[in-house]
Amino acid sequence: MADTAGMTPDMEALKTRLKATWMSGDYGHFAKYLEPGALEFYERLEVAPETRMLDVACGAGQIAIPAARAGVKVTGIDLATNLVEQARARAKAENVNARFDEGDAEMLPYPDASFDLVVSLIGAMFAPRPTHVAAELIRVCRPGGRVAMANWTPEGHVGQMFKIIGKHVPPPPIMPSPLQWGDDATVRERLRNGSSNMKTTRRMYPMHYPFSPAEVVEFFFNFYGPTLRAKAALGTTEQEALRRDLEELWSANNRATDGTTKVDSEYLEVIAVRG
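Engineer: Looking at this structure, I do not really get the overall build of the chain. What am I missing?
Structural biologist: Counting its regular elements, the chain contains 11 helices and seven strands. Here the C-alpha atoms of the chain give a radius of gyration of 18 Å, agreeing with the 19 Å that 2.2 N^0.38 yields for 275 residues. Taken over the C-alpha atoms alone, the chain extends approximately 50 × 40 × 35 Å along its principal axes. For the chain, the residues scored as buried account for 55% of the 275 residues in total. When contacts within the chain are restricted to residue pairs at least 6 apart in sequence, long-range pairs at least 24 apart make up 78% of them. Element-wise, carbon and sulfur atoms account for 52% of the exposed surface of the chain, whose accessible area totals about 12100 Å². In the chain, 31 side chains carry a positive charge and 35 a negative one; their mean positions are 3 Å apart.

Engineer: How should I be thinking about the packing of aromatic side chains in this particular structure?
Structural biologist: How two aromatic rings sit relative to each other is given by the distance of their centres and the angle of their planes. This model, assessed by the stated rule, comprises 24 aromatic pairs. Summarising the aromatic geometry, the rings of tyrosine 110 and phenylalanine 115 are spaced 5.4 Å apart at their centres and angled 90 degrees between planes, so their arrangement reads as edge-to-face. Exposure class is identical for tyrosine 110 and phenylalanine 115. Each is buried. Measuring from ring centre to ring centre gives 6.4 Å for tyrosine 209 and phenylalanine 220, while their planes differ by 65 degrees; the resulting arrangement is edge-to-face. Remark: phenylalanine 220 occurs in helix H9 (residues 213-223) and tyrosine 209 occurs in strand S6 (residues 195-209); sequence separation between them is 11 residues. In terms of burial, tyrosine 209 and phenylalanine 220 fall into one category: buried.

Engineer: Whenever I open this one, the packing of H9 against helix H10 (residues 225-232) confuses me. Can you help?
Structural biologist: Each pair of packed helices can be summarised by the angle the axes make with each other and by the distance between the axes. Running from N to C, H9 and H10 point in directions that differ by 85 degrees, and their axes come no closer than 6 Å. One element, H9, and the other, H10, form an angle in the roughly perpendicular class. Between H9 and H10, the residues in contact are Phe220, Phe221, Asn222 and Phe223 and Gly225, Thr227, Leu228 and Lys231, respectively. The residue inventory of the contact of H9 with H10, partitioned by class, reads four nonpolar, three polar and one charged.

Engineer: Just to check I follow, could you spell out the side chain of arginine 243 for this structure?
Structural biologist: Mapped onto the elements of the fold, arginine 243 is located in helix H11 (residues 236-253). Once you skip the residues sitting within four places of it in the chain, arginine 243 turns out to touch Val217, Glu218, Phe221 and Lys231.

Engineer: Can you help me understand the nonpolar core in this one?
Structural biologist: Across soluble globular proteins, nonpolar side chains show a tendency to be buried alongside one another. Trp152, Met161 and Phe220 are the most contacted members of the largest nonpolar core, which has 85 residues in total. Every residue in contact with methionine 161, bar those within four places of it in the chain, is listed here: Phe220, Tyr224, Leu246, Leu249 and Trp250. Counting residues in each nonpolar core, the second largest holds six residues, with Met7, Met11, Met107 and Met175 among its members.

Engineer: Got a minute to help me understand the pattern of salt bridges in this structure?
Structural biologist: One pass over the full model with this rule turns up 23 salt bridges. With a closest N to O distance of 3.1 Å, glutamate 189 and arginine 192 form a salt bridge. Judged by its relative accessible area of 47%, glutamate 189 falls in the partly exposed class. A relative accessible area of 46% places arginine 192 in the partly exposed class. Counted as one network, the salt bridges with shared partners bring together Lys15, Asp104, Glu106 and Arg129.

Engineer: Can you help me understand the pairing of strand S5 (residues 141-152) in this one?
Structural biologist: Inspection of the sheet shows strand S4 (residues 115-121) paired to S5 by six bridges, in the parallel sense. Bridge pairing in S5 links serine 120 to methionine 149. Between the parallel pair S4 and S5, the chain is carried across by helix H6 (residues 130-139), and the sense of this crossover is right-handed. Alignment of S5 against strand S7 (residues 261-274), held across seven bridges, turns out to be antiparallel. Bridge pairing in S7 places alanine 148 opposite isoleucine 271.

Engineer: What am I meant to see in the layout of surface pockets here?
Structural biologist: With a probe scaled to a water molecule rolled over the atoms, the places where space remains empty come into view. Of the voids in this model, the largest pocket is the one considered here, and its volume is about 570 Å³. Taken together, 23 residues line the largest pocket, and the ones lying closest to its centre are Phe162, Ile165, Pro171, Pro172 and Pro226. Mapped by element, the contributors of at least two residues to the lining of the largest pocket are helix H1 (9-23), helix H7 (157-168) and H10. Looking at the lining of the largest pocket element by element, the count peaks at five residues for H1. A per-class count over the lining of the largest pocket returns 17 nonpolar, three polar and three charged.

Definitions and cut-offs
- Residues numbered from 1 in each chain as written.
- Predicted model: local features only at pLDDT ≥ 70, side-chain atom pairs only at ≥ 80, totals over all residues.
- Heavy atoms only, no water.
- Helix = DSSP H or I, 4+ residues; strand = E, 2+ residues; numbered from the N terminus.
- Rg over C-alpha atoms; globule rule 2.2 N^0.38 Å.
- Buried < 20%, exposed > 50% of the residue type's maximum accessible area, 1.4 Å probe, protein only.
- Contact = heavy atoms within 4.5 Å.
- Areas by Shrake-Rupley, 256 points an atom, 1.4 Å probe, with all protein chains shown as cover.
- Lys, Arg positive; Asp, Glu negative; His and termini not counted.
- Charge placed at Lys NZ, Arg CZ, Asp CG, Glu CD.
- Phe/Tyr/Trp six-rings, centres within 6.5 Å; stacked < 30°, edge-to-face > 60°.
- Axes fitted to C-alpha atoms, helices over the stretch in contact; angles between N-to-C directions.
- Parallel < 35°, antiparallel > 145°, perpendicular 65-115°, else oblique.
- Nonpolar A, V, L, I, M, F, W, Y, C, P; charged D, E, K, R; others polar.
- Core = buried A, V, L, I, M, F, W, Y, C linked by side-chain atoms within 4.5 Å.
- Salt bridge = Lys/Arg side-chain N within 4 Å of Asp/Glu carboxyl O.
- Pairing = 2+ DSSP bridges.
- Right-handed = clockwise from strand over helix to strand, strands pointing away.
- 1 Å grid on protein atoms, 1.4 Å probe; cavity = no way out; pocket = protein on both sides within 12 Å on 5 of 7 lines; lining within 4 Å.
- Points joined across faces, edges and corners; volume = space filled by probe spheres on them.

Laid out in structure tokens, this is it:
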């Protein structure tokens, strides 16, 4: 495991706050509309049966469960206790063999070189110490194996959404922007030590909802931890201002004309080979 020395009281408090954020709402329900994009990302990896795969910040098992169903030897890990429980329950209900652990992307509880493939789909990017995350993703991957990430870009729809949230509820000063993981130069620098080859590709993630942009914003307020907690931190007038800004963003980027919402959000796909 990574060295925990140097963990300040402020960082410990931040990590406790982040865990509470991701345990709020219902990410398992929230992520159902994101499954098509998750599967697109996973299928491009062309993971062979019997591959030892670690899914970091696995949520409720959006790609871990399909991988296990296809014969991949899956381990998932997430900071949020309730999401790990949801993933375990789903694996049991679908009768697939997958292991799910509660843990921190900055301190993975696995020996060096334990996995052939280490994946993080829009997850590890939200940990507050990115250099620790990068080192851990590389460490637990075997030489010649792959580290694969999908990270929201600053310019994409979700990147814009987080900037709006940050305008209304400023993030803690010790928390670097998760969106830095969506910057090509930054991610190359972070994964440089330990990787022999890296490819980055900007892709679009489909976010399609069978209801209006205003209802999408309400859906995020009810089920997505970061927006739920941001709203809870504001008074009534400030809440309405946040809602108005988010509705404007979703409406501006909506491609649907039938009362539903179809937005594509840019992300950076990262494939690094462990040296």
